[in-house]
Amino acid sequence: MKTLMNQMKLRKGLLLGGIAILGGLMIFGMILHDVIQSSTNAEDVFPMGGFMGLMGFFLVALLIVGQDFWQSFNHAVSMSQARKRFVPAYIASVAVCQIIFVIVLKVFISIERLKLAVMYPTLPYDGDFSLIFSWKVLFCLAIGSLGIGIFLGAMLLKFGKAAYVVVWVLWMLVCIGVPKLMEYSRHHKNTVVGRILRSIGAAFENAVPSALPISIIVISAALVVIAYLMLRKQPVST
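Quantities reported herein were computed from a predicted structural model and do not represent experimental measurements.

Focus on the overall build of the chain
Right, so step 1: Secondary structure summary: the chain contains 8 helices and 0 strands in total.
Right, so step 2: Seen in sequence order, the chain has helices and strands lined up from the N terminus as α-α-α-α-α-α-α-α.
Right, so step 3: For the chain, the proportion of its 238 residues judged to be buried stands at 39%.
Right, so step 4: Approximately 13,400 Å² of the chain is accessible, and the part contributed by carbon and sulfur atoms is 72%.

Considerations on a nonpolar patch on the surface
Right, so step 1: Side chains of Ile 99, Ile 103, Val 107, Ile 111, Trp 135 and Phe 139 sit close together on the surface and give an oily, nonpolar patch of about 520 Å² of accessible area.
Right, so step 2: For the nonpolar patch, the secondary-structure elements that each account for two or more residues are helix H4 (83-119) and helix H5 (135-159).
Right, so step 3: Per element, the largest residue contribution to the nonpolar patch is 4 residues, and it comes from H4.
Right, so step 4: Mapped onto the fold, Ile 99 is located in helix H4.
Right, so step 5: Overall, Ile 99 belongs to the partly exposed group, its relative accessible area being 42%.

A short note on the packing of aromatic side chains
Right, so step 1: Considering all chains together, one arrives at 8 aromatic pairs under this definition.
Right, so step 2: Plain terms: the ring middles of Phe 46 and Phe 51 are 5.1 Å apart, the flat faces sit at 15 degrees to each other, and that makes the pair stacked.
Right, so step 3: Residue Phe 46 is classed as partly exposed on the basis of its relative accessible area of 26%.
Right, so step 4: Taken together through their ring pairs, the aromatic side chains of Phe 69, Phe 73, Phe 86 and Tyr 90 make up a single cluster.

Regarding the side chain of Lys 115
Right, so step 1: Considering the arrangement of structural elements, one finds Lys 115 in helix H4.
Right, so step 2: Overall, the relative accessible area of 18% leaves Lys 115 in the buried class.
Right, so step 3: A polar contact is formed between the side chain of Lys 115 and the side chain of Asp 34, at a distance of 2.9 Å.
Right, so step 4: When neighbours within four sequence positions are excluded, Lys 115 is seen to be in contact with Met 30 and Asp 34.

Here's the deal with the environment of Phe 139
Right, so step 1: Following the sequence through the fold, Phe 139 ends up in helix H5.
Right, so step 2: For Phe 139, a relative accessible area of 31% gives the class partly exposed.
Right, so step 3: Separated by 40 residues in sequence, Phe 139 and Ile 99 have C-alpha atoms that sit 7.5 Å apart.
Right, so step 4: Among all residues touching Phe 139, those that are not within four sequence positions of it are Ile 99 and Val 102.

Section: the nonpolar core
Right, so step 1: Ranked by size, the top nonpolar core spans 42 residues in total, and within it Phe 57, Phe 69 and Ile 150 carry the most contacts.
Right, so step 2: At 12 residues, the largest contribution of residues to this core is made by H4.
Right, so step 3: In this structure, Phe 69 is in contact with Phe 86, Tyr 90, Ile 150, Gly 153, Ala 154, Leu 157 and Leu 231, ignoring residues within four places of it in sequence.

A look at helix H2 (residues 12-40)
Right, so step 1: Compared with the 42 Å implied by 1.5 Å per residue over 29 residues, the 42 Å span of H2 between its first and last C-alpha is a close match.
Right, so step 2: Restricting attention to buried positions, one finds in H2 the residues Leu 14, Leu 15, Gly 18, Leu 22, Gly 23, Met 26, Gly 29, Met 30, His 33, Asp 34 and Gln 37.
Right, so step 3: Among the residues trailing H2, Asn 41 stands out with phi positive, at a value near 50 degrees.

Digging into the environment of Gly 144
Right, so step 1: The residue Gly 144 is located in helix H5 in this model.
Right, so step 2: You can call Gly 144 buried: its relative accessible area is 15%.
Right, so step 3: As for Gly 144 and Val 218, which are separated by 74 residues in sequence, their C-alpha atoms are 9.0 Å apart.
Right, so step 4: If we ignore the near neighbours within four places in the chain, the residues touching Gly 144 are Ile 216 and Ser 220.

Analysis parameters
- Residues numbered from 1 in each chain as written.
- Predicted model: local features only at pLDDT ≥ 70, side-chain atom pairs only at ≥ 80, totals over all residues.
- Heavy atoms only, no water.
- Helix = DSSP H or I, 4+ residues; strand = E, 2+ residues; numbered from the N terminus.
- Buried < 20%, exposed > 50% of the residue type's maximum accessible area, 1.4 Å probe, protein only.
- Areas by Shrake-Rupley, 256 points an atom, 1.4 Å probe, with all protein chains shown as cover.
- Patch = residues over 30% accessible without salt bridge, like charges linked within 9 Å, V, L, I, M, F, W, Y side chains within 5 Å.
- Salt bridge = Lys/Arg side-chain N within 4 Å of Asp/Glu carboxyl O.
- Phe/Tyr/Trp six-rings, centres within 6.5 Å; stacked < 30°, edge-to-face > 60°.
- Polar contact = N/O pair within 3.5 Å; in protein donor to acceptor, adjacent residues only side chain to side chain.
- Contact = heavy atoms within 4.5 Å.
- Core = buried A, V, L, I, M, F, W, Y, C linked by side-chain atoms within 4.5 Å.
- Expected span 1.5 Å × (residues − 1).

Spelled out as structure tokens, the structure:
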């Protein structure tokens, strides 16, 4: 417990910085939505702030946590702290931060929903976003990104900053590719690719209530175990 409390004190900067990133991106997204809405006179509204917040959440959970784990591991090992004590305490402290990030994200999403209802009472949403912004999905994303962030930190310790290249490529593919695929599936419903994409989306929706949370927990736990095994004899790296 003492080790965990010490790690929580060390995560203060990560926590405050993460909240600032989430809040800043969501406010930027809400302002950007209003600018686009006023210039295009669109017939529906879109929770851009919420999606910007999700991007910020992954930025914090993956890249910043990975970097923080790298630095914290080096500091702990250089101070002769046992790896088997540091790693569990670090994971627990980051898990607390992730829970707080989810709560902050949910609060901003609720504020944005209220704002859209007040400013655009007659305009419908451009789709149903209740699933992706639900508590269950957000906590699943928190658990999954925790394992990925720890694994990324282990990769950085093993292979250096070259690991960021692979992560950056995957990140850009997700941020650019997924919206494009969603747009394609909406406008090309009757094509083979469109049907496949819609089937994948339907499978995701059906999996959320049952298999998806368990799958994410198992995968995240597996990544943490792999990261720990990678670091059992890992020396301090620069």
